[in-house]
Amino acid sequence: MTGGYTYYDGADRYSNHKPNLVCSNSTNDLFTTNTATIGNKVLIYPIGLITVDELMLGGLADEYMNRSSYTYSSYTYWTMTPRHFGVSGNKADEFHVSSLGYTSSTGVTNGNGVRGVINLKSNVEISGGIGTANNPFVVKVE
């Protein structure tokens, strides 16, 4: 805890420009699909909100989003990455991307949009597209 705030791992990764897609606490993160061999096996459709790490890998640099990136939107939207919790105000701050393309964090009481993501297995092949909003990647279907 620093200055009345509890900071989360995502804040460090964001500040240090070191995104990571591996869950650091996988023993407690057991939301899995109904065909999995571990976890709670309750998810039918494994979809979540985008993380600040995925934003960094998808066009976010120095707090601004590349406007050609698929992660840019003209609407403000939340990520699922918490930044910190303030003890004095009992306030949680979550990362978000503004309609102007910059990232910051703000209290979760604000009304923003969301962007869903689906994570693919590492052996999935891309059959087309360049990864932009106008020309997104096309997943090869067998």
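Further up the page is the structure itself.
Quantities reported herein were computed from a predicted structural model and do not represent experimental measurements. (Residues numbered from 1 in each chain as written. Predicted model: local features only at pLDDT ≥ 70, side-chain atom pairs only at ≥ 80, totals over all residues. Heavy atoms only, no water.)

## A short note on the pairing of strand β6 (residues 91-97)
- Of all the seven residues making up β6, five are buried; the element is thus mostly covered by neighbouring parts of the structure.
- Across five bridges, β6 lies against strand β7 (residues 103-107) in antiparallel orientation. Bridged to V97 within β7 is T103.
- The hairpin turn running from β6 into β7, its antiparallel successor, is five residues long, and G101 in that turn takes a positive phi close to 95 degrees. (Buried < 20%, exposed > 50% of the residue type's maximum accessible area, 1.4 Å probe, protein only. Helix = DSSP H or I, 4+ residues; strand = E, 2+ residues; numbered from the N terminus. Pairing = 2+ DSSP bridges.)

## A look at the layout of surface pockets
- Approximately 150 Å³ is the volume found for the second largest pocket.
- Around the second largest pocket, the lining residues are I118, N119, L120, K121, N123 and V124.
- Each residue belonging to the lining of the second largest pocket can be placed in one class, and the counts come to three nonpolar, two polar and one charged. (1 Å grid on protein atoms, 1.4 Å probe; cavity = no way out; pocket = protein on both sides within 12 Å on 5 of 7 lines; lining within 4 Å. Points joined across faces, edges and corners; volume = space filled by probe spheres on them. Nonpolar A, V, L, I, M, F, W, Y, C, P; charged D, E, K, R; others polar.)

## A closer look at the packing of aromatic side chains
- Here the structure, examined in full by the defined rule, presents three aromatic pairs.
- Plain terms: the ring middles of Y5 and Y7 are 6.0 Å apart, the flat faces sit at 50 degrees to each other, and that makes the pair tilted.
- For Y5, a relative accessible area of 33% puts it in the partly exposed group.
- Taking NZ or CZ as reference, R115 lies 5.0 Å from the ring centre of Y77, over its face. (Phe/Tyr/Trp six-rings, centres within 6.5 Å; stacked < 30°, edge-to-face > 60°. Lys NZ or Arg CZ within 6 Å of the ring centre and 35° of its normal.)

## What to know about the pattern of salt bridges
- Per the counting criterion, the structure on display carries three salt bridges.
- A salt bridge links R13 to D53; the shortest N-O distance between them is 2.6 Å. In this pair, R13 is assigned in helix α1 (residues 9-15) and D53 in helix α2 (residues 52-57), connecting sequence segments 40 residues apart.
- Taking the relative accessible area as the measure of exposure, R13 reaches 22% and is therefore partly exposed.
- Here D53 falls in the buried class, since its relative accessible area comes to 3%. (Salt bridge = Lys/Arg side-chain N within 4 Å of Asp/Glu carboxyl O.)

## Thoughts on the side chain of S69
- Mapping S69 onto the fold places it in the loop between β4 (64-65) and β5 (77-86).
- When its relative accessible area of 6% is taken as the criterion, S69 is described as buried.
- Polar contacts involving the side chain of S69 include one to the side chain of T71, which spans 2.8 Å.
- Residues within four places of S69 in sequence aside, it is in contact with G58, G59 and A133. (Polar contact = N/O pair within 3.5 Å; in protein donor to acceptor, adjacent residues only side chain to side chain. Contact = heavy atoms within 4.5 Å.)

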